[in-house]
Amino acid sequence: MFQLPELPYAYGSLAPILSEATMRTHHDKHHAKYVATTNALLQGFEPDATLERVIRSASDEGDHKLFNNAAQAWNHGFFWQCMAPSPRPTSGALAQAVRANFGGMAELKAIFTKKASEHFGSGWAWISARAGALSVTTTHDANTPIVEDGVTPLLTCDVWEHAYYLDHKNDRAGFLDAWWDNLANWSLAEAQFAAANGDGAAWRYPGPT
Ligand code: FE
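**Q** Help me get a handle on the overall build of the protein chain, residues and values and all.
**A** When its secondary structure is counted, the protein chain shows eight helices and three strands. What you see in the protein chain, going N to C, is helices and strands ordered as α-α-α-α-α-β-β-β-α-α-α. Radius of gyration (C-alpha) of the protein chain: 16 Å, near the 17 Å computed for a compact globule of 209 residues. C-alpha atoms of the protein chain, sized along the principal axes, occupy 45 × 40 × 30 Å. The buried share among the 209 residues of the protein chain stands at 49%. Here the analysis covers contacts within the protein chain between residues at least 6 apart in sequence; of these, 71% occur between residues at least 24 apart. As displayed, the protein chain has an accessible area near 9600 Å², and 52% of this comes from carbon and sulfur atoms. With 15 positive and 22 negative side-chain charges, the protein chain shows a spacing of 2 Å between the two charge centroids.

**Q** Would you mind going over the nonpolar core in detail, with residue names and values included?
**A** Residues Trp 74, Met 83, Phe 112, Ile 127, Leu 134, Trp 179 and Trp 186 are the most contacted members of the largest nonpolar core, which totals 62 residues. In this structure, Trp 74 is in contact with Leu 51, Glu 52, Ile 55, Trp 126, Thr 144, Ile 146, Pro 153, Trp 203 and Tyr 205, ignoring residues within four places of it in sequence.

**Q** Just give me the short version of the packing of helix H2 (residues 51-61) against helix H3 (residues 64-81), but keep the residues and values in it.
**A** Their axes nearest at 9 Å, the elements H2 and H3 cross at an angle of 145°. Between H2 and H3 the crossing geometry is left-handed. Contacts between H2 and H3 involve Leu 51, Glu 52, Val 54, Ile 55, Ala 58 and Ser 59 from the first element and Leu 66, Phe 67, Ala 70, Ala 71, Ala 73 and Trp 74 from the second. Residue composition of the contact of H2 with H3, by class: 10 nonpolar, one polar and one charged.

**Q** Summarise the pairing of strand S2 (residues 133-140); cite the residues concerned and give the values.
**A** Pairing analysis gives eight bridges linking strand S1 (residues 123-130) to S2, with the strands arranged antiparallel. Looking across to S2, one finds that Trp 126 is bridged to Thr 137. Turn length for the S1-S2 hairpin, with the two strands adjacent in sequence and antiparallel, is two residues, and the turn residue Ala 131 shows positive phi of about 50°.

**Q** Please set out the pairing of strand S3 (residues 151-158) residue by residue, giving values where relevant.
**A** With eight of its eight residues buried, S3 lies for the most part within the structure. Relative to S3, S1 runs antiparallel, the two sharing seven bridges. If you follow Ala 125 over to S3, its bridge partner there is Cys 157.

**Q** Describe the coordination of the iron ion, with residues and values.
**A** Around the iron ion, the protein contributes the donor atoms His 26 (NE2), His 76 (NE2), Asp 158 (OD) and His 162 (NE2), which lie 1.9 to 2.1 Å from the metal centre. Each of the four donor atoms around the iron ion contributes to a set of angles spanning 92 to 130°, which defines the coordination as tetrahedral. Going along the chain, you hit the donors of the iron ion in the pattern H-x49-H-x81-D-x3-H. Residues Asp 158 and His 162 agree in their burial class; the two are buried.

**Q** Quick one: what's the story with unusual backbone geometry, residue by residue and with numbers?
**A** Going from Ala 15 to Pro 16, the amide bond is cis rather than trans, its omega being 5°. Tracing the sequence through the fold places Pro 16 in the segment before helix H1 (20-40). Of the consecutive residues Gly 207 and Pro 208, the connecting peptide bond is found in the cis state with omega at 10°. With respect to the helices, strands and loops of the structure, Pro 208 is situated in the segment after helix H8 (186-196). Phi is positive for Ala 131, close to 50°, though the residue is something other than glycine. Although it is not a glycine, Lys 169 adopts a positive phi angle of roughly 50°. Structurally, the position occupied by Lys 169 is in the loop between helix H6 (161-168) and helix H7 (172-182).

**Q** With reference to specific residues and values, describe the packing of aromatic side chains.
**A** Under the definition given, this model contains 13 aromatic pairs. For the ring pair Phe 78 and Trp 126, a centre distance of 6.4 Å and an interplane angle of 15° mean the geometry is stacked. With Phe 78 in helix H3 and Trp 126 in strand S1, this pair connects stretches of sequence that are 48 residues apart. You'll find Phe 78 and Trp 126 in the same group, each marked buried. On the numbers, 6.2 Å between centres and 35° between planes, the contact of Trp 124 with Trp 126 is tilted. In this structure Trp 124 comes out as buried when scored by relative accessible area, which is 0%.

The rules behind each value
Residues numbered from 1 in each chain as written. Predicted model: local features only at pLDDT ≥ 70, side-chain atom pairs only at ≥ 80, totals over all residues. Heavy atoms only, no water. Helix = DSSP H or I, 4+ residues; strand = E, 2+ residues; numbered from the N terminus. Rg over C-alpha atoms; globule rule 2.2 N^0.38 Å. Buried < 20%, exposed > 50% of the residue type's maximum accessible area, 1.4 Å probe, protein only. Contact = heavy atoms within 4.5 Å. Areas by Shrake-Rupley, 256 points an atom, 1.4 Å probe, with all protein chains shown as cover. Lys, Arg positive; Asp, Glu negative; His and termini not counted. Charge placed at Lys NZ, Arg CZ, Asp CG, Glu CD. Core = buried A, V, L, I, M, F, W, Y, C linked by side-chain atoms within 4.5 Å. Axes fitted to C-alpha atoms, helices over the stretch in contact; angles between N-to-C directions. Left-handed = near helix turned anticlockwise from the far one by under 90°. Nonpolar A, V, L, I, M, F, W, Y, C, P; charged D, E, K, R; others polar. Pairing = 2+ DSSP bridges. Donors = N, O, S within 2.8 Å, 3.2 Å for Na, K, Ca; no water. Tetrahedral: all angles 85-135°; square planar, octahedral: opposite > 155°, others 65-115°. Phe/Tyr/Trp six-rings, centres within 6.5 Å; stacked < 30°, edge-to-face > 60°.

Okay, here's the thing in structure tokens:
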């Protein structure tokens, strides 16, 4: 069984970009439902199977219902870590890689926010690393880069309307601009980038318990 992990900060601490009401609904209702549905669909898995293994297996077997719920459980768990109330700017190896791949943080912000705001319908925007190279992608619905061999996500932003509609209505671009400037957790991205390069472990979903 998988648990709903607690937010790593207070519900109201991301306001005004994401209000306490948004975070309570998003975490306590949306994320909780994905976790509960995943748990209800776990028959056939050994009790110690990680969520990452469940997602990969469901993807391989074409079990869309399990994949969608398990991947959404994982994506949200990771997304909470991708935000911080007072993040510091990135530095070190990740900042160097951003310069080498995109020219700089301003260019990366422009690419990320454009792709994310233009993504049609529900999904996720990602910065990922593969073999030291960085990329910006979007995925539809529950899809997640962790099913791709050799890819480590560094940062994601939820662009489903439930993520921002209470606070930003239909202004997804405005949400993304404020999210990037005020909430994106570069400490997490740096740790993920180090893990992608063999230094430490990438974030994984807690449990099972
Ligand atoms: Fe969401």
